[in-house]
Structure formats: C-alpha cells, structure tokens
Amino acid sequence: MKITHYLHTAVLVSDLERAERFYGEVLGLAKINRTLKYPGAWYQLGAVQVHLIVDTAFDSSLQNAEKWGRNPHLALAVENLEAAKAHLTAHGYPLQLSASGRAALFTQDPDGNVIELTEMAPET
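Residues numbered from 1 in each chain as written. Predicted model: local features only at pLDDT ≥ 70, side-chain atom pairs only at ≥ 80, totals over all residues. Heavy atoms only, no water.

- Looking at an unreviewed UniProt entry, one finds the protein chain named Glyoxalase and attributed to Leptolyngbya sp. NK1-12.

Side note on the sheet that holds strand S1 (residues 8-13)
Part 1 of the reasoning: Strand order in the open sheet formed by four strands is S1-S4-S3-S2, and the pairing between neighbours is mixed. Each end of this open sheet is capped by a strand with a single partner; those strands are S1 and strand S2 (30-32). Between one strand axis and the next, the sheet turns by 30° as a mean value, whatever way the strands run.
Part 2 of the reasoning: In the sheet, S2 pairs with strand S3 (residues 40-45) via three bridges, with the strands oriented antiparallel. Residue pairing across strands places Ala30 opposite Gln44, the latter belonging to S3. (Pairing = 2+ DSSP bridges. Helix = DSSP H or I, 4+ residues; strand = E, 2+ residues; numbered from the N terminus. Axes fitted to C-alpha atoms, helices over the stretch in contact; angles between N-to-C directions.)

Overview of the side chain of Gln96
Part 1 of the reasoning: Following the sequence through the fold, Gln96 ends up in strand S6 (residues 95-97).
Part 2 of the reasoning: Of the polar contacts made by the side chain of Gln96, one reaches the backbone oxygen of Glu66; its length is 2.9 Å.
Part 3 of the reasoning: There is a polar contact of 2.7 Å between the side chain of Gln96 and the backbone nitrogen of Trp68.
Part 4 of the reasoning: With residues near it in sequence (within four places) discarded, Gln96 still touches Ala65, Glu66, Lys67, Trp68, Leu105 and Phe106. (Polar contact = N/O pair within 3.5 Å; in protein donor to acceptor, adjacent residues only side chain to side chain. Contact = heavy atoms within 4.5 Å.)

Quick look at the layout of surface pockets
Part 1 of the reasoning: The volume enclosed by the largest pocket comes to roughly 600 Å³.
Part 2 of the reasoning: Surrounding the largest pocket, 24 residues form its lining, Leu45, Ala75, Leu76, Ala77 and Val78 being those nearest its centre.
Part 3 of the reasoning: Elements represented by at least two residues in the lining of the largest pocket include exactly strand S4 (48-54), strand S5 (73-78) and helix H2 (81-90).
Part 4 of the reasoning: Of all the elements, S5 adds the most residues to the lining of the largest pocket, at five residues.
Part 5 of the reasoning: When the residues that make up the lining of the largest pocket are grouped by side-chain class, the tally is 18 nonpolar, four polar and two charged.
Part 6 of the reasoning: Roughly 300 Å³ of internal volume is contained in the second largest pocket.
Part 7 of the reasoning: Residue lining of the second largest pocket: 19 residues in total, with Phe58, Pro72, His73, Asn113 and Val114 positioned closest to the centre. (1 Å grid on protein atoms, 1.4 Å probe; cavity = no way out; pocket = protein on both sides within 12 Å on 5 of 7 lines; lining within 4 Å. Points joined across faces, edges and corners; volume = space filled by probe spheres on them. Nonpolar A, V, L, I, M, F, W, Y, C, P; charged D, E, K, R; others polar.)

Here we look at the pattern of salt bridges
Part 1 of the reasoning: A complete count under the given rule lists four salt bridges for this structure.
Part 2 of the reasoning: In this structure, Arg18 engages Asp111 in a salt bridge whose closest nitrogen and oxygen atoms are separated by 3.1 Å. Taken together, the residues span a long stretch of sequence, with Arg18 in helix H1 (residues 16-26) and Asp111 in the loop between strand S7 (104-108) and strand S8 (114-119) at a distance of 93 residues.
Part 3 of the reasoning: Since its relative accessible area comes to 29%, Arg18 is described here as partly exposed.
Part 4 of the reasoning: As a salt-bridge pair, Glu116 and Arg102 come within 2.9 Å of each other at their nearest N and O atoms. Of this pair, Glu116 sits in strand S8 while Arg102 sits in the loop between S6 and S7, and the two are 14 residues apart along the sequence.
Part 5 of the reasoning: Given a relative accessible area of 40%, Arg102 falls into the partly exposed group. (Salt bridge = Lys/Arg side-chain N within 4 Å of Asp/Glu carboxyl O. Buried < 20%, exposed > 50% of the residue type's maximum accessible area, 1.4 Å probe, protein only.)

Comments concerning the pairing of S5
Part 1 of the reasoning: Side-chain alternation along S5 places Leu74, Leu76 and Val78 on a buried face and His73, Ala75 and Ala77 on a face that remains uncovered.
Part 2 of the reasoning: Here S5 pairs with S8 via six bridges, running parallel. If you follow Ala75 over to S8, its bridge partner there is Glu116.

Encoded structure:
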C-alpha cells in the first residue's frame, strides 16, 4: 500500500448552523459544495478539507480536561497567534495556551471539539 496524500478530517457536530458559524465565520474557512444527502458541510483549507458531519447525539467529552492538547484535535496554522487569541476571545470561545511553551493555543468549537492554533509563517 502507498498512501499518496491527506484528504480530509471529519468532525462530528450536533448543530450544523452553530458549527458553520464557528468554522466558516469565526475560523474563516472556505465552505465548498458537497453532494452527499446526510446533513453536513465541507470546508477547504489548502489541499485538505474539513468535513462537518451532523450527529445530534454527539458528546465530545474531553478525555483530558486539564490539557486540551492531549485530546483528539484538529491543528491549524495561523500567522499571528495574538490576533487569533483576541479574535476567539472577542467571539466568546474558551482558550488554553499550549503547555509546551511554543506559540500555540487550544480552543473548542461549540460542541467541545478541540482546535489547536499554532503560529507559523505562511507557506510560499
């Protein structure tokens, strides 16, 4: 077997409208068309997609509530961590700085899914 590239990450959400506000408006991911009939939404980020899949009974209880990075999470790069921190705070989302000391923080989407934001220079 030879894996050729990464396609997408699926994220379970209980309320699609609320999740779309977070991923589309707060995080600013670009929504793309999808043809599947079950409820969900797809977002494109470079060559990779984030697929929101609705599961109204979804419970994303943290396995490690003290260190969010030690839970399943989606990791994204940002150009300016301080700007991201201010943006998330202004929208009322919880934050936890990375315990590693690197320029990274963790937040949670409306369903409690953990999102890591790490400061990195943009790819050229």
